[in-house]
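The primary structure of each chain is shown beneath.
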Amino acid sequence: MSTSPTIAIVGSGPIGSAYARLLLESLPTARVVMLEAGPQLTAIAGESVRNIPDPEEKERARELSQGPQAGSFRESLGIPSSTVVEGMFTARGGTHLLDFGGKGSAHATSFPAAAASTNVGGMGAHWTCATPSPSFSERVAFICDAEWDDLMAEASRLLHVQNAAFADSAVGDAIRSLLAEEFGDELPDGYGPSTLPVSGDPQPDGSMRWAGADVVLGPLIDPESPLSERFELRELSLVRRVNHAGDRVTGLTVEDLRSHEIYTIDADLVVVAGDAFRSPQLLWASGIRPRALGHYLTEHPVVISTVALDEDSMRRFATEEQLDEELERRSANPADPVAAVNRIPFSEPDHPFSLQVMYAENPPFQLDPEHPAAGNRWGYVNMGYGMRKRPRYEDALTFDDGEPDYRGFPNMTIEYALTESEQAEIANATEHLRRAGAALGTFVAEPRLLPNGSSLHYQGTMRMGDADDGTSVADPFSRVWGYENLVVGGNALIPTATTMNPTLMSVAIAVRGARKAAEQLSALQVAEASN
Ligand code: FAD
C-alpha cells in the first residue's frame, strides 16, 4: 500500500456517500474514487429531485434515472415511454423495474415491483426521506444498545435528520391527537403517535430542502473544502468486476458507458454499495459467492389507503384559523405536496408494524368530482402500514451464468413468498389501518396490499452476521467473509425482520463499517512505514 491509500466505491447512493465522507474525514492522505453507473441529474451531485421547482425539469431528472425503461431504451423494447396499459406494471418515478419484460430483463414474477434507480445519488435522489430508527428486535443483536445509539446519532448527522419536522402544524397535531385517542392505551410509553423523523433542512418559509446523497457527501462536493481535492465521482461508469487475489481485493474493472472503454482501478479498499440486487449480482459476476449471497431477501409488505379528514373530528383539535394558516403556508410551495408527517412506530409485542401518515391537500389520484369527499377542505392523509417479512434462505435472488441480462451480467431470478404468519400479521395491520381511517375520517381509497417489491426497501441479500456459518455474507463490520479489504453496504446488510424505512439504519451500519475500515487502513500504513 502506498502512503496515500486508494479507496474505490461502487455506487453513489447515501451508503456509498457515507463511506466516502467518513473515510476521507478520518484518513488524511486517502483518496476516494466513486463509480456510478447512472448520470448526474442535478448541478449539485446527488441532490433530491424533490427540490427541483420546475415540474418538467423534475420529470426529466426522474426519467434520466430510469435506466432500461427510460425514453429511447424503453421504446426500443416496444413500449412507448408515455404508454401505460392495463395490467402493465410501472415503476415509481425515478426508478426502473428489474423485471421490465423485455430482452435481458430479470425474472421476478413473485416479486414483480422490484425496482432500482440508476443515477448519481441512487434512490436517495428520489426517496421520501423518512428516517425512523429501528427498535426492539429490528436492531441487530450483536451491536449493543449504547453503540446503536452512537451509530444512529452519527447517521442522523450525516443525513440531516429532523426529529420534529412540521411539528408546529396544527393539522398534524390534530391527526396525532385522534390517533392517540384510538390507539394510545394499547401502545408502550414512547411508542405512540409522533412526528415522523425526516431527512432534510427546514427553510425559513416553512418548507423543507429534502436531503439526498449531496448532504452526506457534504464537504466532498464543496470546492472550497480541502476534502474535495481527494474525492472523485465518475458518473456513467459501470463497475463490471471486483478484482481479487487470495483473501484480498485488488481493485475494480470499470466500463466507461460513454466510450465503452474498459479500464481497471487499483485499490487498497473496495466498498460495494450498489443496491440489494446489483451488489450481490456484481459479487457473483466477480466469482465472490458466499452461500448466503442473494438469499434471505426481505422487504416490508405494505398496506396503503387514502382518507379524507373528517371536519368535525379535526375541529376538536384544530381551529378554522389554524387550517387557513396551514393552507397559506403550503400554497407558498406548491411543488412539494407533503405537509405534516406522522407515524406510529413499531413496538413489541402488540404493534409489530409501523404506520406512516402523510397529510396532503389533495389525494394522490384524481378523485371523482361527484365523490362526497371531493375537494375536502380539511384535506387527506395517505397512510400505510409496513409489516415484517422474516428472513428465509428460500426467498432469494439467484443468478444464471448462462443467461446475460441487458447489461451482460448473469441474469437474476427472484423467488419470494409470504408465509402464513406473515399473512396473519398483514391481516392484523389491515385491521389497524381500518381503525386509523375510521378515527380520522372516511376512506377514499380502501386499504389494499401492494404487490411484492413495492416497498422499495430491499434487505437481507448480503446480510451481516457474527459467525461465518453460511447464513451471512458479511462480518459484523460489513467485510465480506474471507476478504479483509472488501466491504459491502446498503439495506442488503440488514439481517433482521424490520418494518421501518431502512436508510438511517443502513447508514448507521455503514458508520460502523467505515470506522473499522479506517482503523484497518491506518494500522496498515503505520506497519508499512515502520518496515
Ligand atoms: P441506492 O440509493 O440504490 O444507490 C445505489 C447506486 O449504485 C445506484 O445509483 C446505482 O446506479 C449504483 N450502482 C449499482 N450497481 C453499480 C455498478 N455495478 N457500477 C456502478 N454503479 C452501480 N428509504 C427510507 O429509508 N425512507 C424513505 O422514505 C424512502 N422512500 C423512498 C421512496 C422512493 C420513491 C424510493 C425510490 C426509495 C425510497 N427509500 C426510502 C429507499 C432509499 O432511497 C434507499 O434505502 C437508499 O437510497 C439506499 O441507499 P444505497 O446507497 O444503498 O443504494
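For every chain, the first residue of the written sequence is number 1, and numbering continues from 1 along that sequence. pLDDT decides what is reported in this predicted model: residues at 70 or higher carry local features, side-chain atom pairs at 80 or more are listed and counted, and totals for whole chains, interfaces and linings draw on all residues regardless. In computing side-chain properties, one takes all heavy atoms of the structure into account and sets aside hydrogens as well as water.

As recorded in an unreviewed UniProt entry, the protein chain goes by Choline dehydrogenase and comes from Leifsonia tongyongensis. A UniProt comment under Sequence similarities (unreviewed entry) is attached to the protein chain, and it reads "Belongs to the GMC oxidoreductase family." UniProt positions are given in the numbering used here, feature names are shortened, and annotations may be inferred rather than shown by experiment. Recorded in UniProt for the protein chain, the comment headed Cofactor (unreviewed entry) runs: "FAD".

Q: Looking at this structure, how should I read the overall build of the protein chain?
A: Numbering goes from the N terminus for both helices and strands, where a helix is a DSSP run of H or I of at least four residues and a strand is a run of E of at least two. A tally of helices and strands in the protein chain yields eleven helices and 21 strands. In terms of overall dimensions, the protein chain has a C-alpha envelope of 75 × 50 × 50 Å along the principal axes. Here, two residues are considered to be in contact whenever any of their heavy atoms come within 4.5 Å of each other. Here the contacts in the protein chain between residues at least 6 apart in sequence split such that 73% fall between residues at least 24 apart. Across the protein chain, 41 positive and 74 negative side-chain charges occur, with their mean positions spaced 4 Å apart. Within this scheme the basic residues Lys and Arg register as positive and the acidic residues Asp and Glu register as negative, but His and the chain ends are omitted. In this description, the location of a charge corresponds to atom NZ of lysine, CZ of arginine, CG of aspartate or CD of glutamate.

Q: Just to check I follow, could you spell out the pattern of salt bridges for this structure?
A: Opposite charge on two side chains permits them to pair, given that their charged atoms come into close proximity. A carboxyl oxygen of Asp or Glu within 4 Å of a side-chain nitrogen of Lys or Arg is what we treat as a salt bridge. Inspection of the entire model under this criterion finds 34 salt bridges. Between Asp 214 and Arg 209 there is a salt bridge; the shortest N-O distance is 2.8 Å. Looking at Arg 209, the relative accessible area reads 23%, which means it is partly exposed. Several salt bridges share partner residues, and in doing so they unite Glu 311, Arg 315, Glu 320, Asp 324 and Arg 377 into one network. Only protein chains enter the calculation, and the probe is 1.4 Å; a residue is then buried if its accessible area is under 20% of its type maximum, exposed if over 50%, and partly exposed in between.

Q: Help me understand the environment of Ile 426, please; the structure alone is not making it clear to me.
A: Take Ile 426: it is sitting in helix H10 (residues 420-440). Residue class for Ile 426 comes out buried when judged on its relative accessible area of 6%. Separated by 73 residues in sequence, Ile 426 and Phe 353 place their C-alpha atoms 8.9 Å apart. Residue contacts for Ile 426: discarding those within four places in its chain leaves Pro 301, Val 303, Met 387, Leu 418 and Leu 449.

Q: How should I be thinking about the UniProt feature "domain: Glucose-methanol-choline oxidoreductase N-terminal" (unreviewed entry) in the protein chain in this particular structure?
A: Those places that UniProt annotates as "domain: Glucose-methanol-choline oxidoreductase N-terminal" (unreviewed entry) correspond, in this numbering, to residues 238-302. As annotated, residues 238-302 comprises 12% helix and 42% strand, and the C-alpha atoms at either end are separated by 32 Å.

Q: Sorry, what's going on with the site of the ligand here?
A: Looking at the ligand, there are 36 residues lining it, with Glu 36, Ala 130, Gly 274, Asn 491 and Thr 503 nearest. N or O atoms closer than or at 3.5 Å make up a polar contact, with two conditions inside protein: a donor-capable atom paired with an acceptor-capable one, and, for residues adjacent in sequence, both atoms drawn from side chains. In the model, an oxygen atom of the ligand is placed 3.2 Å from a nitrogen or oxygen of the Pro 14 main chain. The protein chains hide 98% of the 990 Å² of surface that the ligand would expose on its own. Taken together, the elements giving at least two residues each to the shell around the ligand come down to helix H1 (14-26) and strand S10 (237-245). Top contributing element to the shell around the ligand by residue count: S10, with three residues. Of the residues belonging to the shell around the ligand, the class tally is 14 nonpolar, 18 polar and four charged. One heavy atom within 4 Å of a molecule or strand is enough for the residue carrying it to be called near that molecule or strand. For every accessible area listed, the method is Shrake-Rupley and the probe measures 1.4 Å; residues are considered covered only by the protein chains on display. For this classification, Asp, Glu, Lys and Arg are treated as charged, while Ala, Val, Leu, Ile, Met, Phe, Trp, Tyr, Cys and Pro are nonpolar and the rest, including Gly, are polar.

Q: What is the right way to read empty space enclosed by the protein from this model?
A: The gaps of empty space that remain are located by a probe, the size of a water molecule, rolled over the atoms. The rule is simple: put a 1 Å grid over the protein atoms alone, call a set of points where a 1.4 Å probe fits but cannot get out a cavity, call an open set with protein on both sides within 12 Å along at least five of seven lines a pocket, and count a residue as lining if it has an atom within 4 Å of a point. Grid points are joined across faces, edges and corners, and a volume is the space filled by probe spheres set on the points. One pass over the structure, following the stated rule, counts three cavities of 30 Å³ or more. One number sums up the size of the second largest cavity: a volume of about 90 Å³. If you go around the second largest cavity, you meet 13 residues; those closest to its centre are Leu 98, Ala 106, Asp 405, Tyr 406 and Met 412. Secondary-structure elements contributing two or more residues to the lining of the second largest cavity are strand S3 (96-97), helix H7 (278-285) and strand S19 (410-415). Along the lines of polarity and charge, the residues of the lining of the second largest cavity split into five nonpolar, five polar and three charged.

Q: Would you take a moment to explain the sheet that holds strand S11 (residues 248-256) for this structure?
A: Strand pairing within a sheet occurs via backbone hydrogen bonds; the two strands may be parallel or antiparallel. Pairing between two strands is assigned when DSSP locates at least 2 bridges connecting them. As summarised here, the arrangement of the three strands in space is S10-S11-S12, forming an open sheet in which the pairing is antiparallel. Each edge of the sheet is formed by a strand with only one pairing partner; in this case those strands are S10 and strand S12 (262-266). Pairwise comparison of adjacent strand axes, ignoring direction, gives a mean angle of 25 degrees for this sheet. Pairing between S11 and S12: five bridges, direction antiparallel. Bridging from a neighbouring strand, Val 254 pairs with Tyr 263 of S12. The angle between two axes is taken between their N-to-C directions and runs from 0 to 180 degrees, where each axis is a line fitted to C-alpha atoms and a helix contributes only its stretch in contact.

Q: What is the right way to look at the environment of Ser 455 in this model?
A: Residue placement: Ser 455 occurs in the loop between strand S20 (441-449) and strand S21 (486-488). The class of Ser 455 is buried, set by a relative accessible area of 10%. In the structure, Ser 455 is positioned 297 residues away from Leu 158 in sequence and 23 Å away in space, judged by C-alpha atoms. Here Ser 455 is in contact with Glu 299, His 300 and Val 302, once residues within four sequence places are set aside.

Q: Teacher, can you tell me more about the packing of helix H5 (residues 170-183) against H10 here?
A: Two numbers describe how H5 lies on H10: the axes approach to 9 Å, and their chain directions differ by 125 degrees. With respect to their mutual orientation, H5 and H10 come out oblique. Two packed elements cross with a definite hand, and for H5 against H10 that hand is right-handed. For the pair formed by H5 and H10, the contact residues are Ile 175, Leu 178, Leu 179, Glu 182 and Phe 183 on the first element and His 432, Arg 435, Ala 436, Ala 439 and Leu 440 on the second. Grouping the constituent residues of the contact of H5 with H10 by class yields seven nonpolar, one polar and two charged. Should an angle fall under 35 degrees it is taken as roughly parallel, and over 145 as roughly antiparallel, whereas 65 to 115 is taken as roughly perpendicular and any remaining angle as oblique. Less than a right angle of anticlockwise turn of the near helix away from the far helix marks a crossing as left-handed, whereas a clockwise turn marks it as right-handed.

Q: What is the right way to read the sheet that holds strand S14 (residues 302-309) from this model?
A: The strand order across the open sheet formed by six strands is S6-S15-S16-S17-S14-S20, and the pairing between neighbours is antiparallel. Lying at the two open borders of the sheet, with one neighbouring strand each, are strand S6 (194-195) and S20. With seven bridges connecting them, S14 and strand S17 (residues 380-386) associate as antiparallel partners. Within S17, the residue paired with Thr 306 across the bridge is Asn 382. This element, H10, spans S14, strand S16 (354-360), S17 and S20 of the sheet and lies at about 165 degrees to S20.

Q: For this particular structure, what's the right way to read the packing of aromatic side chains?
A: The pairing test for Phe, Tyr and Trp rings, Trp by its six-membered ring, is centres within 6.5 Å, and the orientation test on the planes gives stacked under 30 degrees, edge-to-face over 60, and tilted for anything in between. Tallied over the full model, the rule gives ten aromatic pairs. Look at Phe 100 and Tyr 406: their rings are 5.5 Å apart centre to centre, the planes differ by 75 degrees, and that puts the pair in the edge-to-face class. Here Tyr 406 lies in the loop between strand S18 (396-404) and S19 and Phe 100 lies in the loop between S3 and strand S4 (115-116), a separation of 306 residues in the sequence. A relative accessible area of 31% places Tyr 406 in the partly exposed class. Considering the side-chain rings of Phe 136 and Phe 346, the 6.4 Å spacing of their centres and the 65 degrees angle between planes classify their relative orientation as edge-to-face. Residue Phe 136 is found in the loop between S4 and helix H4 (145-159), and its partner Phe 346 is found in the loop between strand S15 (341-344) and S16; the two are separated by 210 residues along the sequence.

Q: Looking at this structure, I do not really get the environment of Ser 110. What am I missing?
A: Inspection of the secondary structure assignment puts Ser 110 in the loop between S3 and S4. Residues Ser 110 and Met 412, spaced 302 residues apart in sequence, show a C-alpha to C-alpha distance of 13 Å. Residues in contact with Ser 110, not counting those within four places in the same chain, are Ile 414, Glu 415, Tyr 416 and Asn 452.

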